[in-house]
Every structure is written in structure tokens, then in C-alpha cells.
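In case you want the letters, here they are:
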Amino acid sequence: MPITPKTPEVRVPRLVGLMAMDAREAAENQGVRLAAPDRPDFHRTVVDYVVRQYPLPGAEVPRGAVITVWFDLSEGEGGGGAGIREPRLPIPPPGGLRRELDEPGDAFEVLR
């Protein structure tokens, strides 16, 4: 629902989860502008998804204020490849945790 131009302040729409083109449309309908510091070609970005925004949804801002959005990294940009992969190699030796032994001649040797 577009806000009338007479309203001096508008509420920030929820943009997280929207594709870039939908986020631009939602922002325009609400009377705010978007900026994406991680996308210099933001005006051409279409299918990348917004993963973070500032200010948060529902905040009141002056009409025409700039909302900053960040996008998920797409293939070839380093995204999606930093997770933990199992099993890690080399595989840990069997036997569970081992007690760390004191150094010989340690002044604070554990009493047995």
C-alpha cells in the first residue's frame, strides 16, 4: 500500500528475504530509497536475496531516507563454501580424550 506524498515520515518495509527487484519496488512504494554497499551494480541486480537491512523494519524514517541492504553472496563470489565439512582429515586417533601430561621437572606437577 503506497503512502501518500503528504506523510512526512514513513515506516521502513521488511526487505530481508526479498529479491533485489522486489526490494526496490517495496522501497519505492513505501517512499524510501535503497543503497547496497556490497553491490556497486545494485540497479542491475535482480535475483540476489536481501539478507540484512538497516534501519530495521517498522522504524519511522523521513520520506526519501536511504535504507541500506546487504545481499547473500552468489556463486563465484565466495559464498556458500566456508562451512565445516566432515569428516576432517586426518581422522583423530581412537581412544577418546587423553590427559595432557606435565613437562618433566615442572614446579606445579600434578600430584598422583
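Looking at an unreviewed UniProt entry, one finds the protein chain named PASTA domain-containing protein and attributed to Streptomyces yaanensis.

Moving on to helix 1 (residues 20-30). An α-helix turns once every 3.6 residues. As a result, residues three or four positions apart point the same way. Listed as buried for helix 1 are Ala-20, Ala-23, Ala-27 and Gln-30. Buried residues of helix 1, viewed axially, fall in a sector of 90°; they line one side. Packing partners of the buried residues in helix 1 comprise strand 1 (9-11), strand 2 (33-35), strand 3 (50-54) and strand 5 (66-71). Looking at the residues trailing helix 1, positive phi occurs at Gly-31, about 95°.

A grouping of Met-21, Val-46 and Val-47 is seen on the molecular surface, where their side chains present a nonpolar patch of about 250 Å² in accessible area. Mapped onto the secondary structure, Val-46 falls in the loop between strand 2 and strand 3. A residue is classified by how much of its surface remains accessible, and Val-46, at 38% relative accessible area, is partly exposed.

Definitions and limits used
- Residues numbered from 1 in each chain as written.
- Predicted model: local features only at pLDDT ≥ 70, side-chain atom pairs only at ≥ 80, totals over all residues.
- Heavy atoms only, no water.
- Buried < 20%, exposed > 50% of the residue type's maximum accessible area, 1.4 Å probe, protein only.
- Helix = DSSP H or I, 4+ residues; strand = E, 2+ residues; numbered from the N terminus.
- Arc of directions from axis to C-beta.
- Contact = heavy atoms within 4.5 Å.
- Patch = residues over 30% accessible without salt bridge, like charges linked within 9 Å, V, L, I, M, F, W, Y side chains within 5 Å.
- Areas by Shrake-Rupley, 256 points an atom, 1.4 Å probe, with all protein chains shown as cover.
- Salt bridge = Lys/Arg side-chain N within 4 Å of Asp/Glu carboxyl O.

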